[in-house]
Amino acid sequence: MAESMKGLHRTHRCTEVSNKNIGEEVTVMGWVQRSRNKGGIIFTDLRDRSGILQIVFEEATAGTEVFEKAARLRSEFVIAVTGKVNARAGAVNTNLATGDIEIVATALRILSEADTPPFPVEDGIKTKEDIRLKYRFLDLRRPELQRKIMLRSKVTAAIRKFMTDEGFLEIETPMLCKSTPEGARDYLVPSRIHPGNFYALPQSPQLFKQLLMCSGYDRYFQIAKCFRDEDLRADRQPEFTQVDMELSFVDIDDVLDVNERLLKNIFKEAIGVDVALPIERMTWHTAMNQYGSDKPDLRYDMHITDLDDVVRNCDFSVFTGAIAAGGSVRCITAKGLGGLARKKIDALTDFVKGYGVNGLAYISIPEEGEEKCSFAKFMKPEELEAIKNAAGAKAGDLVLIIASPKWKLTVETLGALRNHVADVYGIYDEAKKDFDFGFKDEYRFVWITEFPLLEWNEDENRFVAMHHPFTMPMEEDIEKIDSDPGAVRAKAYDIVLNGVEIGGGSVRIHQDDIQELMFKTIGLTEEEANDKFGFLLTAFKYGVPPHAGLAYGLDRLLMLMTKADTIRDVMAFPKVKDASDLMTDAPNVVDPVQLEELCIDISAADKTDEE
């Protein structure tokens, strides 16, 4: 039978007890990690969120009643123990923060008994994730997850302090909003009071934070819940958290400056890592040309090399045809992989074909033995040498070449291949001179700037905003919007960490004429613009300051900070890839009365399921 807490008070968490407390009486509480009965003595490891502490029960010290009660202890029992802090009688456990002490118990209360858990509540278990998510309340007891969730709290506390000290106001924006579908699908909430009408859960606080700038609040931030009804993807969540901000009377440099100092503060306060400032900046075109990605991983080299001028006049039609069609021929050089087996090179070919290119050409230069080239019969010896020289290839290297009639397809495929090769084969950084990534403690940030303002949507046969229709074009490119929309650069910026975009934002349009031009360019009529964004456009008529903002994906940031494999590891109660919650069995059916009140009839969906 469970006992009560009456008259009992915890004096310390487990690892708050140290050798400085030797001789003192303390009361600790938590879960039994394991208990070992050695006959006349029982050793129990007590666990709470701070760590583990060894409890010793001796009949002579604790008394028969306490000792017999201790003999009943099993894993995950919740107990309260009072006793004296002693230096460990046995060997010191250097793996524990409390490994040099133990509590010799004088009193014990069993606050709650526990069934045998479906998996061990400890680090390093091999239990399938779906089982752990079904019993998430148990999974969250494991120290490695607790460390990540507690770090999340530490990070958000650091963010709030820094932002407040910088003059930002924390202001909450609505969760029930008007649906303005741009990008991902909205989650819709039916209104009972307004039958047939729906709210949408926010995909971001974008419009509201711009309204706050119109309202004169100058600097706003919020740690905001956001929702996107996206198609199934392994590491996406239907609900996620943004660190959102907006600033008035600023330009790009102002936003980047405050955010660099924010990141430096977060990493120092939370995990003791010094982020060197200023953070490197790279334009979108440079990132695409050198890394094939607008979120390049700078922890290793292996740049993309442009071979157009080298092969433009060769006799290999695959290369010359790609260039003639307006595309490109480019390569990466995989250091140390010159001896890669043909079977493994074929696997790389299959990989790139998945991105829509026809194949992969290569030059393999082993340390010893004969050089191999998949297209040598079409090339002169001096042309092959020119390719190797351009690629910076030496003995022991593998040159991987892609030719495509579309520049973007060429570089994006090589960018994906670059990451794939680095991931599979651990390509080394020349500066490190080893074949181990050595990334455990490396955090490489980069700002990506000057994104295209617009991108062509082939399905809709029109230009669409790459970010959103309120993004400001670079002033020197405004005149190109009518004549060459695809060449217009945006005052937009992303912050990338270790090859993952963790945040992004832009300077917003605050001039009427530029906003009208933007709507016209993306094919949005005045009526459609007012229907979707009328409340914001009306606010702009009453005096809007120049403003800009940025939002971080807090879950992604924490995943990278903790070296977690998935964002699910840094969220207390995540969902799986089909957006369901295995623990609560959500989503689920609701009472028909609730549907009737909302004027919702799902009989058509039922009929479809039956068919």
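Predicted model only: the values in this text are computed from it and were never measured. (Residues numbered from 1 in each chain as written. Predicted model: local features only at pLDDT ≥ 70, side-chain atom pairs only at ≥ 80, totals over all residues. Heavy atoms only, no water.)

Draft legend 1. Local environment of the packing of helix α6 (residues 206-214) against helix α16 (residues 526-540). Here α6 crosses α16 at 15°, and the two axes come no closer than 10 Å. As summarised for this structure, α6 and α16 are arranged roughly parallel, according to the angle between their axes. Crossing geometry of α6 relative to α16 is assigned as left-handed. Between α6 and α16, the residues in contact are Leu207, Gln210, Leu211 and Cys214 and Phe533, Phe535, Leu536, Ala539 and Phe540, respectively. When the residues that make up the contact of α6 with α16 are grouped by side-chain class, the tally is 8 nonpolar, 1 polar and no charged. (Axes fitted to C-alpha atoms, helices over the stretch in contact; angles between N-to-C directions. Helix = DSSP H or I, 4+ residues; strand = E, 2+ residues; numbered from the N terminus. Parallel < 35°, antiparallel > 145°, perpendicular 65-115°, else oblique. Left-handed = near helix turned anticlockwise from the far one by under 90°. Contact = heavy atoms within 4.5 Å. Nonpolar A, V, L, I, M, F, W, Y, C, P; charged D, E, K, R; others polar.)

Draft legend 2. Expanded view of the sheet that holds strand β15 (residues 372-373). Here we have 5 strands laid out as an open sheet, ordered β12-β13-β16-β14-β15, and antiparallel in their pairing. Sheet topology places β12 (305-306) and β15 at the edges, where each strand pairs with a single neighbour. As judged from the 2 bridges shared by β12 and strand β13 (residues 328-334), these two strands associate in the antiparallel manner. By the bridge assignment, aspartate 306 is partnered in β13 with arginine 330. Relative to the sheet, helix α13 (residues 407-425) contacts β13 and β16 (398-404), its axis offset from that of β13 by approximately 10°. (Pairing = 2+ DSSP bridges.)

Draft legend 3. Representation of the side chain of arginine 132 within the structure. Mapped onto the elements, arginine 132 comes out in helix α3 (residues 129-134). The residues touching arginine 132, leaving out its near neighbours within four places in the chain, are Phe119, Ile125, Thr127, Asp139 and Arg142.

Draft legend 4. How the structure looks around the pattern of salt bridges. Within this structure, the stated rule accounts for 48 salt bridges. When the shortest N-O distance is used, the salt bridge between lysine 209 and aspartate 244 registers 2.8 Å. Residue lysine 209 is found in helix α6, and its partner aspartate 244 is found in strand β10 (residues 239-248); the two are separated by 35 residues along the sequence. Each member of the pair, lysine 209 as well as aspartate 244, is classed as buried. Aspartate 306 is the partner of arginine 330 in a salt bridge, and the nearest nitrogen-oxygen pair spans 3.4 Å. Of the two residues, arginine 330 is situated in strand β13 and aspartate 306 in strand β12; the sequence distance between them amounts to 24 residues. Overlapping salt bridges, with partners in common, bring together Arg132, Arg136, Asp139, Arg142 and Glu144 in one network. (Salt bridge = Lys/Arg side-chain N within 4 Å of Asp/Glu carboxyl O. Buried < 20%, exposed > 50% of the residue type's maximum accessible area, 1.4 Å probe, protein only.)

Draft legend 5. Up close: the nonpolar core. With 101 residues, the main nonpolar core has Phe267 and Phe445 as its most contacted residues. The leading source of residues in this core is helix α7 (residues 252-271), at 9 residues. Look past the residues within four positions of phenylalanine 445 in its chain and what remains in contact with it is Leu263, Phe267, Val275, Ile279, Glu280, Leu298, Ile495, Val496, Leu497 and Ile502. In terms of nonpolar packing, the next biggest core, distinct from the first, is built from 24 residues, Leu46, Val66, Phe77 and Leu108 among them. (Core = buried A, V, L, I, M, F, W, Y, C linked by side-chain atoms within 4.5 Å.)

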